[in-house]
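# Geometric and topological summary
For reference, the chains in residue letters:
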Amino acid sequence: MDWPEGALDGSLYGNSAIKGTRTTDGMDFDPADKKYSDSRAGQWHVATIEWSPGLVQWFLDGELVDQTTKPKGVPNTPMRWTLQAETADDAKATFPAAGTAGHLQVDWVAQYAYTP
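All of the points below concern the structure found in this document. All values reported here derive from a predicted model rather than from experimental measurement. (Residues numbered from 1 in each chain as written. Predicted model: local features only at pLDDT ≥ 70, side-chain atom pairs only at ≥ 80, totals over all residues. Heavy atoms only, no water.)

### What to know about the side chain of aspartate 30
Our working rule: A run of H or I in DSSP becomes a helix once it reaches four residues, and a run of E becomes a strand once it reaches two; helices and strands are each numbered from the N terminus. Burial status follows relative accessibility: with a 1.4 Å probe on protein chains alone, a residue under 20% of its type maximum counts as buried, one over 50% as exposed, and anything between as partly exposed. Contact criterion: two residues are considered in contact whenever any of their non-hydrogen atoms come within 4.5 Å of each other.
Note that aspartate 30 resides in strand E3 (residues 29-30). Assessed through its relative accessible area of 3%, aspartate 30 is described here as buried. Not counting residues up to four positions away in its chain, the partners in contact with aspartate 30 are Asn15, Ser16, Ile18, Trp58, Thr68, Lys70 and Gly73.

In structure tokens form, the structure reads like this:
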């Protein structure tokens, strides 16, 4: 699950990797079409993932950005956290330039258990 995802100077989106689709050409994600937030990276934000049976939703500053209800896009096994920072989500060998740098600041993280 990628949230928030996107370039450090652009709008953000969320998606969920579909388990078992990884190949040398990439991976399938749900939703397949990116729905970008109205807010851009570069400022303080509260990014929230709400994951419950049959539903994943991505919120930025309390506003719903996107969601998936497709069974293949909603994880059904335990996951772990990885805090990842990239200069661009379309980076390749020649982009961005070798001297590109930036900072990602994280103030706090929290996790809550789902209780029906």
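The structure having been displayed, the exposition proceeds.
### Some remarks on the nonpolar core
Generally speaking, a soluble globular protein has its nonpolar side chains buried in company with each other. This is how the line gets drawn: Here, nonpolar core refers to any group of buried Ala, Val, Leu, Ile, Met, Phe, Trp, Tyr and Cys residues whose side-chain atoms link them within 4.5 Å.
By size, the foremost hydrophobic cluster in this structure holds eight residues: Trp3, Leu12, Ala41, Val56, Trp58, Leu60, Val65 and Val74. Here this core takes three residues from strand E5 (residues 55-60), the largest share from any one element. Ignoring sequence-local partners within four residues, the contact set of leucine 12 consists of Trp3, Pro4, Glu5, Gly6, Ala7, Lys35, Tyr36, Ser37, Ser39, Ala41, Leu60 and Val65.

### Quick word on the environment of serine 52
By secondary structure assignment, the location of serine 52 is in strand E4 (residues 47-52). Separated by 28 residues in the primary sequence, serine 52 and arginine 80 place their C-alpha atoms 16 Å from one another. When neighbours within four sequence positions are excluded, serine 52 is seen to be in contact with Val74 and Tyr114.

### Topic: the packing of aromatic side chains
Heads up, the condition is: Side-chain rings of Phe, Tyr and Trp, where Trp is taken by its six-membered ring, are said to pair if the distance between their centres is within 6.5 Å; with planes under 30 degrees apart they count as stacked, over 60 as edge-to-face, and otherwise as tilted.
Counting across every chain of the model gives one aromatic pair. When the centroid spacing of 5.3 Å and the interplanar angle of 70° are considered together, the rings of tyrosine 13 and tyrosine 36 count as edge-to-face. With tyrosine 13 in strand E2 (residues 13-17) and tyrosine 36 in the loop between E3 and E4, this residue pair connects regions lying 23 residues apart in the sequence. Judged by its relative accessible area of 43%, tyrosine 36 falls in the partly exposed class.

### What about the pairing of E5?
Where we set the bar: Between any two strands, pairing holds if DSSP finds at least two bridges.
Within E5, five of the six residues are buried, which leaves it mostly tucked inside the rest of the structure. Across six bridges, E4 lies against E5 in antiparallel orientation. Note that in E5 the partner of threonine 48 across the bridge is phenylalanine 59. Where E4 folds back on E5, the antiparallel hairpin that results is connected by two residues, among which glycine 54 adopts a positive phi of roughly 80°. Here five bridges tie E5 to strand E6 (residues 63-68), and the two strands are oriented antiparallel to one another. Looking at the pairing, leucine 60 lines up with glutamate 63 of E6. Here E5 folds back onto E6 in antiparallel fashion, the turn holding two residues, of which aspartate 61 has a positive phi close to 55°.

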